[in-house]
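# Architecture at a glance
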2 protein chains.
Amino acid sequence: MEKILLSHGSGGTMMHKLIDSLFMRELGNPTLIEKKDSAIVEIGGKKIAFTTDSYVVNPIFFPGGDIGSLAVYGTVNDLAVCGAKPLFISLGLIIEEGFDRDLLEKIVKSISSAAKRARVDVVTGDTKVVERGSCDKIFINTSGIGAIYYPGLSIENIKPRDSVILSGTIGEHAISVLSKREGISFSTIVRSDSAPLNALIAKVLSVSKGVRFMRDPTRGGAATTLNEMVTGGRFGISIEEEDLPVTEGVRASCELLGFDPLYLANEGRVIIVAKRDDEKRILRAMRSDPLGRSSRVIGTVTKEYPGKVYMNTSSGGRRIVGMLSSEQLPRIC
Amino acid sequence: MEKILLSHGSGGTMMHKLIDSLFMRELGNPTLIEKKDSAIVEIGGKKIAFTTDSYVVNPIFFPGGDIGSLAVYGTVNDLAVCGAKPLFISLGLIIEEGFDRDLLEKIVKSISSAAKRARVDVVTGDTKVVERGSCDKIFINTSGIGAIYYPGLSIENIKPRDSVILSGTIGEHAISVLSKREGISFSTIVRSDSAPLNALIAKVLSVSKGVRFMRDPTRGGAATTLNEMVTGGRFGISIEEEDLPVTEGVRASCELLGFDPLYLANEGRVIIVAKRDDEKRILRAMRSDPLGRSSRVIGTVTKEYPGKVYMNTSSGGRRIVGMLSSEQLPRIC
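To start, this report covers the structure provided alongside it. (Residues numbered from 1 in each chain as written. Chains lettered and ligands numbered in written order. Predicted model: local features only at pLDDT ≥ 70, side-chain atom pairs only at ≥ 80, totals over all residues. Heavy atoms only, no water.)

## Regarding the overall build of chain A
Put simply, the test is: Each helix is a run of DSSP H or I of at least 4 residues and each strand a run of E of at least 2, with the numbering of both proceeding from the N terminus. Radius of gyration means the value over C-alpha atoms here, while the globule rule gives 2.2 Å times the residue count to the 0.38 power. Working definition: with a 1.4 Å probe on protein chains only, accessible area under 20% of the residue-type maximum means buried, over 50% means exposed, and in between means partly exposed. Note that His is not counted, nor are the chain ends; the positive residues are Lys and Arg, and the negative ones are Asp and Glu. In this description, the location of a charge corresponds to atom NZ of lysine, CZ of arginine, CG of aspartate or CD of glutamate.
When you go through chain A residue by residue, the secondary structure sums to eight helices and 14 strands. The C-alpha radius of gyration of chain A comes to 19 Å, within 12% of the 20 Å expected for a compact globule of 333 residues. Expressed along its principal axes, the backbone C-alpha trace of chain A runs to roughly 55 × 55 × 50 Å. For chain A, buried positions account for 65% of its 333 residues. In chain A, 43 positive and 39 negative side-chain charges are present, and the distance between their average locations comes to 6 Å.

## Examining the relation of the copies chain B and chain A
Stated precisely, the cut-off is as follows: A residue counts toward the fit only if its pLDDT is at least 70 in both copies, and the copies are then superposed by least squares on the C-alpha atoms of those residues. It only takes one pair of heavy atoms within 4.5 Å for two residues to be counted as in contact.
For the pair chain B and chain A, the superposition axis carries a translation of 0.0 Å, the fit reaches an RMSD of 0.0 Å, and the rotation angle comes to 180°. The superposition of one copy onto the other is thereby described by a two-fold rotation axis. When C-alpha positions in chain B are compared against the rotation axis, the closest is assigned to Cys135(B), at 2.0 Å. When the interface residues of chain B are mapped onto chain A, 100% of them again lie at the interface, so the same face is used by both copies.

## Remarks on the pattern of salt bridges
Should their charged atoms come close, side chains of opposite charge can pair. Worth spelling out the cut-off: By convention in these notes, a salt bridge is any Lys or Arg side-chain nitrogen within 4 Å of a carboxyl oxygen on Asp or Glu.
Per the stated rule, a full pass over the model turns up 48 salt bridges over all chains. Its salt-bridge partner being Arg319(A), residue Asp260(A) comes within 3.6 Å of it at the nearest N-O pair. Taken together, the positions of Asp260(A) in the loop between α7 (248-257) and β11 (271-274) and Arg319(A) in strand β14 (residues 318-320) put the pair 59 residues apart, joining distant regions of the chain. When its relative accessible area of 23% is taken as the criterion, Asp260(A) is described as partly exposed. Judged by its relative accessible area of 34%, Arg319(A) falls in the partly exposed class. Through salt bridges with shared partners, one network takes in Arg25(A), Glu26(A), Arg101(B), Glu105(B) and Lys109(B).

## Quick look at the sheet that holds strand β10 (residues 236-240) of chain A
Residues and elements named next belong to chain A. Condition: Two strands are counted as paired when DSSP detects at least two bridges linking them. Lines fitted to C-alpha atoms define the axes, with helix axes restricted to the stretch in contact, and inter-axis angles between N-to-C directions lie between 0 and 180 degrees.
Here we have seven strands laid out as an open sheet, ordered β9-β11-β8-β12-β10-β13-β14, and mixed in their pairing. Only two strands of the sheet have a single partner each, and these edge strands are β9 (211-215) and β14. Taken pair by pair, the neighbouring strands of this sheet meet at an average axis angle of 25°, ignoring direction. Looking at chain direction, β10 and strand β12 (residues 296-302) are connected through four bridges and run antiparallel. Looking at the pairing, Ile-239 lines up with Gly-299 of β12.

Below is the structure:
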């Protein structure tokens with residue numbers, strides 16, 4: 001009998017297969033099959049973004065964040081990348097019996113500060129407690145709704161020659177969680193990049209009408225997100241290895257542990273595909289925001305290799321960058 | 001160090017204390033502190049209901065339902081009792097590594113039929129997989145949004161002499177789950193009442209402008225829901241023991257197991273408080289719906305005993321009915 005594996009939750013090819021073969025087949029409707037980070041629905045003529053995410057990160061506290069702030073920012077970002085202003089979030093807690101009240105308080109305080117920072121209100125919630133051993137400490141679901149102010153963002157709009165822009169260095173979130181979990185200490189502590197992107201994105205959208213599509217490269221990393229963009233096959237994306245911003249700390253950790261930073265989860269980064277003519281003004285807007293200081297163009301949409309992401313390597317070669325195919329790091333978010 | 005206990009998730013007094021002492025203190029905002037089943041928020045001048053619930057029911061299949069349909073109906077009902085038309089729901093799954101793919105398929109099919117029956121679309125989702133032993137089989141979060149069409153429902157509107165109406169027999173959901181979990185078999189199988197109440201509620205709201213407040217008596221049962229209504233203390237509620245509809249199967253199970261049906265969770269029942277003048281037309285509307293056939297008036301809002309629920313017993317006595325104070329049944333939903 002077929003079993004569910006960790007890789008079915010990885011964000012990579014196994015998860016996409018499960019989604020297509022089961023969820024889309026059974027539950028499919030025009031909104032769901034768009035597979036956006038948020039569903040775009042209409043209520044009384046008003047376009048609203050609606051999204052959900054469960055957080056099972058282990059450990060629940062890590063350098064640069066914790067499960068509470070991560071849950072708030074993750075949902076805020078899923079709304080923001082769809083051109084919505086995040087407004088309201090819900091909070092669903094599943095807590096293991098025996099969990100420390102003090103830790104719960106620390107997490108709730110973190111949720112509170114995160115919500116203030118991201119300018120959203122937690123307006124509804126639910127708490128379930130399960131017997132000892134029936135869940136690992138605490139799981140958090142946040143769903144969110146926002147008002148669409150920049151409609152029409154869609155993979156369908158991406159065109160050859162568009163620029164592919166990344167808002168910062170990659171891999172910090174995954175390395176932060178992993179080193180804490182495994183008790184590995186590197187010479188420099190890598191802190192998670194977990195952060196709310198709505199202010200940064202609002203700046204970009206206020207200076208350009210030429211943004212085609214945005215997505216935050218979380219589970220599966222930048223490589224998987226770029227692959228999601230080219231799926232369908234009308235165009236390819238070429239990226240330049242030497243333009244990929246990776247900190248020394250992440251680079252060293254990856255070399256030691258055998259990870260490729262392109263597949264590592266980020267929780268405060270966004271990949272923006274935009275009309276090439278708008279590239280400069282978008283970069284200027286992004287770099288004016290503390291979360292976008294190291295923004296840069298990392299690639300281009302091409303007619304070559306439709307359906308594929310390929311990388312011009314630092315050594316002068318060229319290679320295909322596939323989607324994450326197995327579970328690189330479970331419970332990273 | 002204080003620990004989180006199963007009773008913190010019971011729906012009763014311990015949960016209310018946790019909510020007030022932690023969540024309201026740290027996250028409180030005008031919408032959250034209303035503590036409605038759904039938050040009522042405004043987006044672009046449009047009033048929207050937004051709600052969330054996590055489902056951890058054990059076992060995941062029980063007579064009359066399963067974790068999938070339960071998750072859909074629970075969220076649909078939380079929207080409906082706030083005077084909203086349920087429209088869109090999200091689906092967040094946390095699955096234990098090694099869970100059968102076939103069981104997952106069965107649950108997703110059940111979610112699909114439940115959504116069709118309740119006339120809502122699942123528009124967005126998320127799947128996480130955790131290592132074996134880190135969660136018990138599968139947990140489901142559903143959040144939902146709906147459009148308010150009957151604004152102003154509020155505990156604040158309840159007045160002495162209002163009628164308290166219940167849509168059906170009580171306790172079936174809890175007894176169904178419990179007997180399956182414990183492997184107890186009674187002479188008659190008690191099936192869960194889990195069902196979507198939006199059609200029934202729409203009928204009521206179309207015939208009466210005098211509905212003050214509604215709530216579905218889930219965790220903590222009818223006793224807890226009635227107590228939530230009187231909290232604050234301007235009025236009391238008196239109920240008549242002999243008007244409480246309880247099936248023979250539930251009555252027998254309760255006698256055997258020592259439960260009080262008033263504290264047992266229901267998943268397809270609603271308690272409506274309405275202007276006494278509208279009582280008859282509301283009952284007529286309710287009884288015209290398959291889910292409301294055994295609707296009846298079970299009590300009255302009184303000036304006596306403000307802040308209390310009291311019951312005139314079949315034997316001619318009178319007793320105070322408190323809120324659920326401990327965990328009667330964990331993981332009932």
